[in-house]
Amino acid sequence: MQREQEEFQEASLGDVKKEIAMPRMAQSVRHAISHQNRRPDQPMRSNIEALPNISFDLGAVVTQDESFAAGGTIFSQGDTAETLMYIQRGRVKLSVASKDDKVAIVAILGPGEFLGEACLGSQNIRMRTATVIEPTTLQVIERNEMIRALHADHALSYCFLSYLLSRNSRLEEDLIDQVSHCSERRLARALLLLAGKENQRELHRFTGISQGILATMIGTTRPRVNFFMNKFRMLGFIKYHGRPDQNGEMQINTSLLAKALRK
């Protein structure tokens, strides 16, 4: 009887070890397959992409220039949606507040991007709050004027549609990133998206992005972001000028950061 119990315990322990080893084996197999399917001269590609550089010619569109200082509110959640805006310079934070006053940052927009474009559809109320995080200049366009211009100018319509499709794809990637990757990778991706698709060999400099904003963007805590930011700084991925928690200036070496994520 005792011998049977010992054999049963050994068999159970073996099953547990197999269950623990299976995910590791599966991961090793997936890793081997990915290398087998990849040509020797084909580098691993990162899916971290900023919006493409689409050139908009708004010369035939009636617009009104408006400037906002850092911290200013362009529109608030619940306002009537009657206009959309094209960012000429600066950065804008889009956030959503829940009924229990929890705030989530859903996007950081920069030059060459639109905000408030949902008014072109059936959305008559602003679903987000747009806040300026560095001095910003906008071209404000009335809803009916933009609809007229899109019907009249096929080149503008094509560019605007391409922009919306690219932005929708990035939103889907943001969602996948939130559920599939660790907070360190989410932070690195957020920094690359903020830097955009300019010269990858240069340091991209901007202000107004505190660690608190980054923490809200990627769904983690500020101390966690501080830990990873210090790590990135030691590796030469980023540089600080002034205290980041006080919206000090930050520089991102996109070339080094993107290369690290491809490994």
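Residues numbered from 1 in each chain as written. Predicted model: local features only at pLDDT ≥ 70, side-chain atom pairs only at ≥ 80, totals over all residues. Heavy atoms only, no water.

## Observations regarding the overall build of the chain
Counting its secondary structure elements, the chain contains seven helices and nine strands. Expressed as a percentage of the 263 residues in the chain, the buried residues total 38%. The long-range share in the chain, meaning contacts at least 24 apart out of those at least 6 apart in sequence, stands at 74%. (Helix = DSSP H or I, 4+ residues; strand = E, 2+ residues; numbered from the N terminus. Buried < 20%, exposed > 50% of the residue type's maximum accessible area, 1.4 Å probe, protein only. Contact = heavy atoms within 4.5 Å.)

## Some thoughts on the nonpolar core
Within the largest apolar cluster, 29 residues are counted, with the highest numbers of intra-cluster contacts made by Leu187, Leu191, Ile209, Leu214 and Met229. Of all the secondary-structure elements, those providing two or more residues to this core are β4 (103-109), α4 (183-195), α5 (211-218), α6 (222-234), β8 (238-241), β9 (249-253) and α7 (254-261). With seven residues, the top contributor of residues to this core is α4. The residues contacting Leu187, other than those within four sequence positions of it, are Leu214, Ile218, Val225, Phe228, Met229 and Phe232. Judged by nonpolar contacts, the second largest core, of 17 residues, contains Val61, Ala81, Cys159 and Phe160. (Core = buried A, V, L, I, M, F, W, Y, C linked by side-chain atoms within 4.5 Å.)

## Re the packing of α4 against α7
Remark: α4 packs on α7, axes separated minimally by 10 Å, with the N-to-C direction vectors making an angle of 145°. The handedness of the crossing between α4 and α7 is left-handed. For the pair α4 and α7, the contacting residues are Arg185, Ala188, Arg189, Leu191, Leu192 and Ala195 in the first and Thr254, Leu257, Ala258 and Leu261 in the second. In the contact of α4 with α7, the residues fall into seven nonpolar, one polar and two charged. (Axes fitted to C-alpha atoms, helices over the stretch in contact; angles between N-to-C directions. Left-handed = near helix turned anticlockwise from the far one by under 90°. Nonpolar A, V, L, I, M, F, W, Y, C, P; charged D, E, K, R; others polar.)

## Some points on helix α3 (residues 154-180)
Its 27 residues place the ends of α3 39 Å apart at the C-alpha level, agreeing with the 39 Å of an ideal helix rising 1.5 Å per residue. Taken together, the buried positions of α3 are Leu156, Cys159, Phe160, Tyr163, Arg167, Arg170 and Asp177. (Expected span 1.5 Å × (residues − 1).)

## With respect to unusual backbone geometry
You will see that Asp101, though not glycine, has its phi angle at about 70°, which is positive. For Asp101, the position within the fold is in the loop between β3 (83-97) and β4.

## Quick look at the side chain of Ser95
Positionally, Ser95 belongs in strand β3. Contacts of Ser95, omitting those with residues within four sequence positions, involve Gln77, Val103, Ala104, Ile105, Val106, Arg128 and Thr129.

## Here we look at the pattern of salt bridges
Opposite charge on two side chains lets them pair, provided their charged atoms get close. All told, the structure shown has five salt bridges when counted by the stated rule. Two residues, Glu184 and Lys231, come together in a salt bridge whose shortest N-O distance is 2.8 Å. Of the two residues, Glu184 is situated in helix α4 and Lys231 in helix α6; the sequence distance between them amounts to 47 residues. (Salt bridge = Lys/Arg side-chain N within 4 Å of Asp/Glu carboxyl O.)

## Thoughts on helix α2 (residues 143-152)
For α2, the complete set of buried residues consists of Glu145, Met146, Ala149 and Leu150. Angular distribution of buried residues about the axis of α2 spans 135°; they occupy a single face of the element. Along α2, the residues that are exposed and aim more than 90 degrees away from the buried face are Asn144, His151 and Ala152. Where α2 is buried, its residues touch β3, β5 (114-115), β6 (129-142) and α3. (Arc of directions from axis to C-beta.)

## Observations regarding the packing of α3 against α4
Where α3 meets α4, the axes come as close as 10 Å, and the angle between the chain directions of the two elements is 160°. In terms of orientation, α3 and α4 fall into the roughly antiparallel class. Between α3 and α4 lies a crossing of left-handed hand. Counted together, Arg170, Glu173, Asp174, Asp177 and Gln178 of α3 and Arg186, Arg189 and Leu193 of α4 form the full contact between these two elements. Its residues placed into classes, the contact of α3 with α4 shows one nonpolar, one polar and six charged. (Parallel < 35°, antiparallel > 145°, perpendicular 65-115°, else oblique.)

## Focus on the pairing of β9
In terms of burial, β9 is a largely internal element, four of the five residues being buried. Relative to β9, β8 is paired through four bridges, and the arrangement is antiparallel. Residue pairing across strands places Tyr240 opposite Met250, the latter belonging to β9. (Pairing = 2+ DSSP bridges.)

## Observations regarding the confidence of the model for the chain
Chain-level pLDDT for the chain is 77 on average; 74% of the residues reach the 70-or-more range. A low-confidence stretch, residues 2-50 stays under pLDDT 50, and its non-local contacts, those more than four residues away or across chains, total 17 contacts. (pLDDT = per-residue confidence, 0-100.)

## Observations concerning the packing of aromatic side chains
Tallied over the full model, the rule gives eight aromatic pairs. Taken together, a centroid distance of 5.4 Å and an interplanar angle of 70° make the contact between Phe227 and Phe228 edge-to-face. Assessed through its relative accessible area of 5%, Phe228 is described here as buried. Ring-pair connections join several aromatic residues into one group, and the members of that group are Phe56, Tyr86, Phe114, Phe160 and Tyr163. Lying across the ring of Phe75, Arg126 places its NZ or CZ 4.2 Å from the centre. (Phe/Tyr/Trp six-rings, centres within 6.5 Å; stacked < 30°, edge-to-face > 60°. Lys NZ or Arg CZ within 6 Å of the ring centre and 35° of its normal.)

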